[in-house]
Amino acid sequence: MSPILGARGGLSASAYGFTSVVAAAVGDYQSIATLSGTGSSGTIAFTSIPNTYKHLQIRASYQCSTTDNPYIRVGGSSIDSGSNYSWHHLYGDGSSALSNGNGSQSFTYFGYSQNTTNPNASVIDILDYASVNKNKTLRTLTGQDNNGGGELAIWSGSWQNSSTAIGSISLITGGNFSTASRFALYGIKG
Amino acid sequence: MPATYESIATHTIPSTTASYTFTSIPATYTDLVLIVNGKNISSDQGLTCQVGTGSIDTAANYSCTYLLGSGTSSASGRFTSDTNGLIGRMGNDNSTSIAHFMNYSNTTTKKTILSRGNNGAYAIAHVVLWQGTTAIDTIKVFNLTSVSFAAGVVLTLYGIKAA
């Protein structure tokens, strides 16, 4: 089992129904772990993320069983579900360019699901995630096109915790992630 | 041991050319990243692509949603049942586009392409759906209105391999 998929709340990663593969560390852009959806869970959880990188990147291709905006929470040894997040986004819905934002949220978004069949894609950068002296910034390029529907969005999110390195990440949808969903976590050396 | 993020191929356009096609792309990666840098022989154009397995899919199996800013206004639009999918922007000034072909080698789902591009006229982002469920091993890159690439355009294709 990959070191970042160790015990969480007394359960192993496999207990959450995820499949994982041990990372192969070559070069300055390294694969840390990859998780797949099960079709019966709406949570993908990376835990025990090492603090030996400068930045993290999650590359995700996924299908949600419901039409909602999947979201992300982070934390140190455990996920922070308090109102410690803020976000802004700029997006296009095929007819207008729009923007909004919100503070004191319990998560920030990383995607948009308007169709349960076609794949969403997100590239999430988590910058200086191991810092213990500044808040953390997440930025995402994401979209889903449905041949007549869909959205393209650029999200900016902040986790208002300056003293804790990110060691845990949860990606959550209101329904389930399909078995074709794949979430790959990479570390970038600095 | 394979590298996680590595260059698959780089091509520099030697003289005015309408398109370039990457072929025989190995299926051994998880995602592809294509970077196109350079300029056209004339003004602002959408940079687009066709993909396929063994050959290029020229049927109306592409759709796209985009978001752009011109410096004075912003807009969003879409193309449906199209014969190509937009992945950036090029002009007669230096332009850069970066496209992510997500989960390109899977053989069960349709494919999504995310991209961002910029030239002297626009900053733009796209999401493209290709209806094919086969692994992509061929990518043709060209301008939407057949405007040729100028000599010196560099196209680099990278593969990213997940654990």
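Fair warning: this is a prediction, and the values are worked out from it, not measured in the lab.

### Some thoughts on the interface of chain A and chain B
Across the boundary between the two partners, chain A contributes 44 residues, which contact 40 residues of chain B. Around 3100 Å² of area is buried between chain A and chain B when both sides are counted, 63% of it from carbon and sulfur atoms. Our count for the contact surface shared by chain A and chain B stands at 1 salt bridge. Our count for the chain A to chain B interface comes out at 16 residue pairs in polar contact (both at pLDDT 80 or more). In the side of chain A that touches chain B, the residues fall into 20 nonpolar, 19 polar and 5 charged.

### Considerations on the layout of surface pockets
For the largest pocket, the calculated volume is near 530 Å³. If you go around the largest pocket, you meet 28 residues; those closest to its centre are A:Arg139, A:Leu141, A:Ile154, B:Ser115 and B:Arg116. It is strand E9 (residues 111–118) of chain B that contributes the most residues to the lining of the largest pocket, 4 residues altogether. Residue composition of the lining of the largest pocket, grouped by class: 15 nonpolar, 9 polar and 4 charged.

### Side note on the nonpolar core
Generally speaking, a soluble globular protein has its nonpolar side chains buried in company with each other. Counting 31 residues, the largest nonpolar core has B:Leu34, B:Phe101, B:Ile139 and B:Val141 as its most contacted members. Of all elements in the fold, only strand E3 (31–38), strand E4 (45–52), strand E5 (62–69), strand E7 (85–90), strand E8 (95–102), strand E10 (123–130), strand E11 (138–143) and strand E12 (154–160) of chain B reach the threshold of two or more residues within this core. Residue contributions to this core peak at 4 residues, all from E5(B). Counting residues in each nonpolar core, the second largest holds 27 residues, with A:Val74, A:Tyr85, A:Phe110 and A:Phe183 among its members.

### So, empty space enclosed by the protein
Residues and elements named next belong to chain A. In total, this model carries 2 cavities of 30 Å³ or more according to the counting rule given. Looking at the second largest cavity, its volume works out to about 40 Å³. Elements with a contribution of two residues or more to the lining of the second largest cavity: strand E3 (55–62) and strand E12 (182–188). Considering each element in turn, the lining of the second largest cavity owes the most residues, 3 residues, to E3. Of the residues belonging to the lining of the second largest cavity, the class tally is 3 nonpolar, 3 polar and 3 charged.

### Structural notes on the confidence of the model for chain A
On average, residues of chain A score 88 in pLDDT, and 86% of them are at 70 or above. Below pLDDT 50 for its whole length, residues 1–25 of chain A participates in 59 contacts with residues either more than four positions away or in separate chains.

### Focus: the packing of aromatic side chains
Aromatic rings in a pair are described by how distant their centres are and how their planes are angled relative to each other. Summed over all chains, the structure comprises 14 aromatic pairs over all chains. Relative to A:Tyr109, the ring of A:Trp87 lies with its centre 5.2 Å away and its plane at 75°, an arrangement referred to as edge-to-face. Residue A:Trp87 is located in strand E5 (residues 85–92), and its partner A:Tyr109 is located in strand E7 (residues 108–109); the two are separated by 22 residues in the primary sequence. We note that A:Trp87, like A:Tyr109, is buried. Aromatic rings pair up to connect A:Tyr71, A:Trp87, A:Phe107, A:Tyr109 and A:Trp155 into one cluster. The ring of A:Tyr53 carries A:Lys189 above its face, with NZ or CZ at 4.8 Å from the centroid. Here the guanidinium or amino end of B:Lys140 rests over the ring plane of B:Phe142, the centre of that ring lying 5.3 Å away.

### Topic: the sheet that holds strand E11 (residues 168–172) of chain A
Sheet strands line up and pair through hydrogen bonds in the backbone, either parallel or antiparallel. All names here are of chain A. With antiparallel pairing, 4 strands are arranged side by side in an open sheet as E2-E11-E4-E7. A strand with exactly one partner marks an edge of an open sheet, and here the two such strands are strand E2 (43–46) and E7. Relative to E11, E2 runs antiparallel, the two sharing 4 bridges. Note that in E11 the partner of isoleucine 44 across the bridge is leucine 171.

### Examining the sheet that holds strand E2 (residues 19–22) of chain B
All names here are of chain B. Strand order in the open sheet made by the 4 strands is E2-E11-E4-E7, with antiparallel pairing throughout. Across the chains shown, the open sheet's two edge strands, defined by having one partner strand only, are E2 and E7. Averaged over all neighbouring strand pairs, the angle between strand axes comes to 25°, with direction disregarded. Inspection of the sheet shows E4 paired to E11 by 6 bridges, in the antiparallel sense.

### Section: the pairing of E4(B)
Residues and elements named next belong to chain B. E4 sits mainly inside the fold: 8 of its 8 residues count as buried. Here 5 bridges tie E4 to E7, and the two strands are oriented antiparallel to one another. Residue glutamine 45 lies in a different strand from E7, and its bridge partner there is methionine 90.

Rules and cut-offs
Residues numbered from 1 in each chain as written. Chains lettered and ligands numbered in written order. Predicted model: local features only at pLDDT ≥ 70, side-chain atom pairs only at ≥ 80, totals over all residues. Heavy atoms only, no water. Contact = heavy atoms within 4.5 Å. Buried area = accessible area lost by both parts, 1.4 Å probe. Salt bridge = Lys/Arg side-chain N within 4 Å of Asp/Glu carboxyl O. Polar contact = N/O pair within 3.5 Å; in protein donor to acceptor, adjacent residues only side chain to side chain. Nonpolar A, V, L, I, M, F, W, Y, C, P; charged D, E, K, R; others polar. 1 Å grid on protein atoms, 1.4 Å probe; cavity = no way out; pocket = protein on both sides within 12 Å on 5 of 7 lines; lining within 4 Å. Points joined across faces, edges and corners; volume = space filled by probe spheres on them. Helix = DSSP H or I, 4+ residues; strand = E, 2+ residues; numbered from the N terminus. Core = buried A, V, L, I, M, F, W, Y, C linked by side-chain atoms within 4.5 Å. Buried < 20%, exposed > 50% of the residue type's maximum accessible area, 1.4 Å probe, protein only. pLDDT = per-residue confidence, 0-100. Phe/Tyr/Trp six-rings, centres within 6.5 Å; stacked < 30°, edge-to-face > 60°. Lys NZ or Arg CZ within 6 Å of the ring centre and 35° of its normal. Pairing = 2+ DSSP bridges. Axes fitted to C-alpha atoms, helices over the stretch in contact; angles between N-to-C directions.

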